[in-house]
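Single-letter residue listing:
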Amino acid sequence: MRMRHALAAVAAAVSVAAVTAGPAQAAEYTSALKVKGVQYDAPGTDSNRCSGGNTKNEYLTIKNYSRTAKVNLKGYVVKDAAGNRYTFTANHTLEPGDYVKLRGGKGTNSDAGNVVYRQNCNFIWNNDKDTIYLLKPGGAKADVHSYTKRANDADGNGYINYHG
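From a predicted model like this one, the values you see are computed outputs, not experimental measurements.

J.: Requested: an account of the state of the cysteines, with residues and values cited.
T.: For the structure shown, the criterion picks out 1 disulfide. What pairs with cysteine 50 in a disulfide is cysteine 121, and their sulfur atoms sit 2.1 Å apart. Across the S-S bond linking cysteine 50 and cysteine 121, the dihedral sits near 120°, which makes this disulfide right-handed. Of this pair, cysteine 50 sits in the loop between strand S1 (33-39) and strand S2 (59-64) while cysteine 121 sits in the loop between strand S8 (115-117) and strand S9 (129-135); the two residues are 71 residues apart in sequence, bridging distant segments of the chain. Judged by relative accessible area, cysteine 121 falls into the buried class, the value being 6%.

So, in C-alpha cells, the structure goes:
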C-alpha cells in the first residue's frame, strides 16, 4: 500500500515538473503602470545640444492600465541597462487610462499636457538595443522590456509599442 502511495507521489511530481518546465516566458509584473511604448531613436540626426538638439523627441510613454485606481508617479524610477536613470521627484498623478510621456531635454512639466522632461539633454535609450526598467518607489519592478532595433522595430521608425 505504501509503495502505491509513493509511486503516485513520484508520478505527480514528474507531471508537475513537466508542466512547469515549458518554455521561458517574459515576466508579467503586478503593476497598474506599464511602458506603453518608446521612441528610442529620435527622428533625424542625433544631437544632444540643449539648444537645437533633438533629445526631446526621444520619449517613453508610461500608462496607467488600471480601470479604477489613480497612481502617483512620485518615487517611480525609469532606467536603462547601463544604469542611466530618471526618478519622478514631483507628484504627477495618472488617472485610470491616462499616460505621461517622459521626454529627454529640458522643458516645463505639464499634467494637462501629459509630459515630464528629464531636464537632461543626453539621450538615455540606445539606438540599437537596450532594456527599459520601470521601478516602483520601493525598487520592485513594475515593467521591464528589452529591445533590439532588428527584432522589434520592423518599420524602422524608431518607435516600439509594448502595451496597447
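J.: Before we move on, could you go through the sheet that holds strand S5 (residues 85-87) and cite the residues and values that matter?
T.: Spatially, the 4 strands line up as an open sheet ordered S5-S4-S9-S10, and their pairing is antiparallel. Every interior strand has two partners, whereas the edge strands, S5 and strand S10 (141-148), have only one. Geometrically, the sheet is characterised by an average inter-axis angle of 10° between neighbouring strands, direction not taken into account.

J.: Give a description of the packing of aromatic side chains that names residues and reports values.
T.: Applying the stated criterion across every chain, the model contains 3 aromatic pairs. Between the aromatic rings of tyrosine 86 and phenylalanine 88, the centroid separation amounts to 5.1 Å while the plane-to-plane angle is 85°, which identifies the pairing as edge-to-face. Here tyrosine 86 matches phenylalanine 88 in class, with each residue buried. Positioned above the aromatic ring of tyrosine 133, the side-chain terminus of lysine 79 is 5.4 Å from the ring centre. The ring of tyrosine 59 has lysine 101 lying over it, and the distance from NZ or CZ to the ring centre is 4.5 Å.

Criteria and thresholds
- Residues numbered from 1 in each chain as written.
- Predicted model: local features only at pLDDT ≥ 70, side-chain atom pairs only at ≥ 80, totals over all residues.
- Heavy atoms only, no water.
- Disulfide = S-S within 2.5 Å.
- Helix = DSSP H or I, 4+ residues; strand = E, 2+ residues; numbered from the N terminus.
- Buried < 20%, exposed > 50% of the residue type's maximum accessible area, 1.4 Å probe, protein only.
- Pairing = 2+ DSSP bridges.
- Axes fitted to C-alpha atoms, helices over the stretch in contact; angles between N-to-C directions.
- Phe/Tyr/Trp six-rings, centres within 6.5 Å; stacked < 30°, edge-to-face > 60°.
- Lys NZ or Arg CZ within 6 Å of the ring centre and 35° of its normal.

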